[in-house]
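Listed here are the chains, written in short residue letters.
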Amino acid sequence: MQHSHLVDSATVANLRDLGGIDLPGGNRVRPGLALRSGQLDRLDPAGDPMFGALGVRTVVDLRTAAERAAFPDRVPGGAHLLVADVLADESGSGATAALAAALADPSGANRALGGGRAAGALREDYRAFVTSPSARQAYKQLLTALAHRGGGPVLFHCTAGKDRTGWGATLLLLLLGADERTVRTEYLSVDPAVRAHYAPLVERFLAAGGDPEVADAVFSVRAEYLDAALDVLTGHWGDAESYARAGLGLKDDTLESLRERLVETA
């Protein structure tokens with residue numbers, strides 16, 4: 001079971017190429033065109049030959065205005081930046097806000113997010129990834145960028161590269177024909193990279209009295225989060241193809257060129 005290939009970047013966390021992931025009929029995702037990662041605030045293209053070799057032409061930033069202001073992307077030279085704020089409609093709610101609050105105030109986080117509420121907030125976010133107008137607009141922008149003929153490599157990211165980015169990768173893979181098992185494997189595969197990246201923050205949070213269960217819910221990748229989004233998608237739209245058309249308003253030719261560009265035939 002193939003999952004994305006981790007690119008050993010010196011300055012970008014959780015950078016992966018979706019190329020090589022198995023699709024039905026012996027096909028696979030074409031390498032070098034669809035890349036995912038955490039935020040690019042520490043990107044140093046000059047000192048990061050692995051990143052430079054990718055030749056990124058478009059960066060799609062899925063983060064909120066507050067996240068972008070706190071940790072602005074360093075966009076590689078010659079690349080075009082697209083802001084596609086998934087949670088614009090949910091500002092102040094959800095796991096992203098919870099995360100910032102938790103790190104600043106562990107005892108407050110324990111009160112607000114303990115007893116399973118952190119995982120609940122994440123499930124709620126994942127449902128919003130599918131249904132909220134801002135998320136639909138953002139994922140429409142992402143898929144349109146990925147479908148752009150001659151557009152070169154596209155890198156999409158959020159903060160950790162696991163939730164908003166993970167759902168973006170899921171939608172893309174489903175539209176390319178990947179089966180659910182492949183999609184799940186890819187979604188869960190980033191967990192070790194995310195945990196490693198956030199280990200120092202989690203240690204500080206726990207040392208300041210933060211609840212380990214809260215930290216684990218926020219800083220891990222869980223099948224139950226993906227399920228929350230998939231359940232809403234299938235419940236309302238039936239499948240990813242119908243969702244892309246009716247939910248995101250993507251046209252036939254966009255979906256066709258997405259597959260043409262990103263499916264490498266056997």
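Looking at an unreviewed UniProt entry, one finds the protein chain named Tyrosine-protein phosphatase, with Kitasatospora saccharophila as its source organism. The annotation that UniProt attaches to the protein chain under Sequence similarities (unreviewed entry) is "Belongs to the protein-tyrosine phosphatase family."

**Re the overall build of the protein chain**
From N to C terminus, the protein chain includes 13 helices and eight strands. The C-alpha atoms of the protein chain give 18 Å as radius of gyration, which agrees with the globular expectation for 266 residues (18 Å, within 12%). Taking the principal axes of the C-alpha coordinates as reference, the protein chain spans close to 55 × 45 × 35 Å. Taking all 266 residues of the protein chain together, the buried fraction comes to 54%. Contacts in the protein chain between residues far apart in sequence, at least 24 positions, make up 73% of those at least 6 positions apart. For the protein chain, the accessible area works out to roughly 10900 Å², and carbon and sulfur atoms hold 54% of it. The centroid of the 27 positive side-chain charges in the protein chain is displaced by 2 Å from the centroid of its 34 negative side-chain charges.

**Details of a nonpolar patch on the surface**
Taken together, the side chains of Val75, Leu81 and Val83 present a nonpolar region at the surface, about 190 Å² in accessible area. Mapping Leu81 onto the fold places it in strand S6 (residues 80-83).

**Comments concerning helix H6 (residues 133-147)**
The terminal C-alpha atoms of H6 lie 21 Å apart, and with 15 residues this matches the ideal 21 Å at 1.5 Å per residue to within 8%. All buried positions along H6 are accounted for by Ser134, Ala135, Ala138, Tyr139, Leu142, Leu143, Ala145, Leu146 and Ala147.

**Comments concerning the pairing of S6**
In terms of strand pairing, strand S5 (residues 58-61) meets S6 through four bridges, oriented parallel. Note that in S6 the partner of Thr58 across the bridge is His80. Where the polypeptide runs from S5 across helix H2 (residues 65-70) and back to S6, its parallel neighbour, the crossover connection is right-handed.

Thresholds, definitions, all that
Residues numbered from 1 in each chain as written. Predicted model: local features only at pLDDT ≥ 70, side-chain atom pairs only at ≥ 80, totals over all residues. Heavy atoms only, no water. UniProt positions renumbered as here; feature names shortened; annotations may be inferred. Helix = DSSP H or I, 4+ residues; strand = E, 2+ residues; numbered from the N terminus. Rg over C-alpha atoms; globule rule 2.2 N^0.38 Å. Buried < 20%, exposed > 50% of the residue type's maximum accessible area, 1.4 Å probe, protein only. Contact = heavy atoms within 4.5 Å. Areas by Shrake-Rupley, 256 points an atom, 1.4 Å probe, with all protein chains shown as cover. Lys, Arg positive; Asp, Glu negative; His and termini not counted. Charge placed at Lys NZ, Arg CZ, Asp CG, Glu CD. Patch = residues over 30% accessible without salt bridge, like charges linked within 9 Å, V, L, I, M, F, W, Y side chains within 5 Å. Salt bridge = Lys/Arg side-chain N within 4 Å of Asp/Glu carboxyl O. Expected span 1.5 Å × (residues − 1). Pairing = 2+ DSSP bridges. Right-handed = clockwise from strand over helix to strand, strands pointing away.

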